[in-house]
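One-letter residues, chain by chain:
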Amino acid sequence: MPSLDLYNPTEAGMWAAQQIQGAELLRLPFESGHLAASEAEPQAAAQLNDKIGRFLRDDELAR
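Right, let's walk through the structure included here. (Residues numbered from 1 in each chain as written. Predicted model: local features only at pLDDT ≥ 70, side-chain atom pairs only at ≥ 80, totals over all residues. Heavy atoms only, no water.)

### Some words on helix α2 (residues 42-62)
Inference 1: Here α2 contains 21 residues, and its C-alpha end-to-end distance of 30 Å stays within 8% of the 30 Å for a straight helix at 1.5 Å per residue.
Inference 2: Every buried residue of α2 is accounted for by A44, A45 and G53. Looking down the long axis of α2, one finds its buried residues gathered within 165° of arc, a one-sided arrangement. Exposed positions of α2 whose direction lies more than 90 degrees from the buried face are Q43, F55, D58, L61 and A62. (Helix = DSSP H or I, 4+ residues; strand = E, 2+ residues; numbered from the N terminus. Expected span 1.5 Å × (residues − 1). Buried < 20%, exposed > 50% of the residue type's maximum accessible area, 1.4 Å probe, protein only. Arc of directions from axis to C-beta.)

### Here we look at the pattern of salt bridges
Inference 1: Applying the stated criterion across every chain yields a total of two salt bridges.
Inference 2: Here K51 ties to E24 by a salt bridge, and the two come within 2.8 Å at their closest N and O atoms. With K51 in helix α2 and E24 in the loop between α1 (10-19) and α2, the pair connects residues that are 27 residues apart, well separated along the chain.
Inference 3: The partner of R54 in a salt bridge is D50, with the nearest N and O atoms 2.5 Å apart. Of this pair, R54 and D50 both sit in helix α2, four residues apart, which is roughly one turn of that helix. (Salt bridge = Lys/Arg side-chain N within 4 Å of Asp/Glu carboxyl O.)

### Structural notes on the environment of Q21
Inference 1: Within the element layout of this structure, Q21 appears in the loop between α1 and α2.
Inference 2: Along the chain, Q21 and S38 lie 17 residues apart, while their C-alpha atoms are 28 Å from each other.

This is the structure:
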């Protein structure tokens, strides 16, 4: 999660991750808010895609 996401502040993400069993909070070193998941921040988007891809592969292997 980007540190300056005005829609989903860091504290809210931390709280949500604590409420969900097995959740992992991914902190991104970018200041672009929701744009971190877009082509506007290609490095951040690549990190997100990599982490999500690994999560999906791990979940598929666990089935």
